[in-house]
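# Survey of secondary and tertiary structure
Each chain, written out:
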Amino acid sequence: MRLKYLVLWIFLCMAVPAHCHPLHLTFTNLEFKTQNNRWLLTIKVFTDDFSTNLKRSTGYESVPDNKQGNGEADKILKTWLDTRFRIWFDKVQIPVDTWKFDGIKVKEDASWITFVITAPMPVSEIRIRNTILMDLYSDQKNLFLLTLGRKQSAYEFKNKDKETTIELRK
């Protein structure tokens, strides 16, 4: 049932013209890579919304080129994300300063922001708090997809439902 939100989101994105998006929607994917105990966190956001929100929260309109190796992009994005997206594994928060910024890709009207998190698989639960762009739009919706091996589950976050706990089966 939760995967219907993912399918709906894909159809809506295809139907919305690049110059106008009346939807206030983000898509976040968290995937566990078993071979190296790494998590890949990818956030897809409309570039104009991201730029507006980044400017309001950090003073930067865009992310500097990370190829210079000075860590400025990492610092700016972690500042932006710190209060907007939180993860707890088995009731222990994974601090955003332990995440490694892996890159940002901008294509047409969307930006994909990627982080790598090194942490073992939680035993009992994953808690997610997702308020990305909710300080910008009251009708903001954030879709979230968790991938653990072959199992995927989807969740929706909005102003009244900013947090969820995902129970893991043993």
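Basis of the calculations
Residues numbered from 1 in each chain as written. Predicted model: local features only at pLDDT ≥ 70, side-chain atom pairs only at ≥ 80, totals over all residues. Heavy atoms only, no water. Pairing = 2+ DSSP bridges. Helix = DSSP H or I, 4+ residues; strand = E, 2+ residues; numbered from the N terminus. Salt bridge = Lys/Arg side-chain N within 4 Å of Asp/Glu carboxyl O. Buried < 20%, exposed > 50% of the residue type's maximum accessible area, 1.4 Å probe, protein only. Core = buried A, V, L, I, M, F, W, Y, C linked by side-chain atoms within 4.5 Å. Contact = heavy atoms within 4.5 Å. Phe/Tyr/Trp six-rings, centres within 6.5 Å; stacked < 30°, edge-to-face > 60°. Lys NZ or Arg CZ within 6 Å of the ring centre and 35° of its normal.

By the bridge criterion, 5 bridges tie strand E3 (residues 85-89) to strand E7 (residues 125-130) in an arrangement that is antiparallel. Of the residues in E7, the one forming a bridge with Trp-88 is Arg-127. In this sheet, strand E10 (residues 163-167) lies alongside E7 in antiparallel orientation, the contact comprising 5 bridges. Looking at the pairing, Arg-129 lines up with Glu-163 of E10.

Inspection of every chain in the model, using the stated rule, returns 8 salt bridges. The salt bridge partner of Glu-163 is Arg-127, with a shortest N-O separation of 3.1 Å. Of this pair, Glu-163 sits in strand E10 while Arg-127 sits in strand E7, and the two are 36 residues apart along the sequence. Residue classification places Glu-163 among the partly exposed residues on the basis of a relative accessible area of 38%.

Ordered by their spatial adjacency, 4 strands build an open sheet running E4-E3-E7-E10, and the pairing between neighbours is antiparallel. Edge positions in the open sheet fall to strand E4 (92-93) and E10, since each of these has one partner strand only.

By size, the foremost hydrophobic cluster in this structure holds 39 residues, and its most contacted members are Trp-39, Phe-85, Ile-87, Trp-99, Ile-126, Ile-128 and Phe-144. Those residues within four positions of Phe-144 in sequence are excluded, and the remaining contacts are Thr-28, Leu-30, Phe-85, Ile-128, Ser-153, Ala-154, Tyr-155, Phe-157 and Ile-166. Counting residues in each nonpolar core, the second largest holds 5 residues, with Leu-25, Phe-27, Leu-145 and Ala-154 among its members.

It is worth spelling out the packing of aromatic side chains at this point. Summed over all chains, the structure comprises 9 aromatic pairs. With a centroid separation of 5.8 Å and an interplanar angle of 70°, the aromatic rings of Trp-99 and Phe-115 are classed as edge-to-face. Here Trp-99, found in the loop between E4 and strand E5 (100-107), pairs with Phe-115, found in strand E6 (residues 110-118); they are 16 residues apart in sequence, far enough to count as distant. Since its relative accessible area comes to 1%, Phe-115 is described here as buried. With a centroid separation of 6.1 Å and an interplanar angle of 80°, the aromatic rings of Phe-144 and Phe-157 are classed as edge-to-face. Highlighted residues: Phe-144 in strand E8 (residues 141-148) and Phe-157 in strand E9 (residues 151-158), separated in sequence by 13 residues. When its relative accessible area of 1% is taken as the criterion, Phe-144 is described as buried. Judged by its relative accessible area of 1%, Phe-157 is buried. Joined through ring pairs, the aromatic side chains of Phe-85, Trp-99, Phe-101, Phe-115, Phe-144, Tyr-155 and Phe-157 make up one cluster. Above the plane of the ring of Trp-88 lies Arg-127, whose end atom (NZ or CZ) is 3.7 Å from the centre.

So, to be careful, I would describe these as geometric facts and stop short of saying anything about function.
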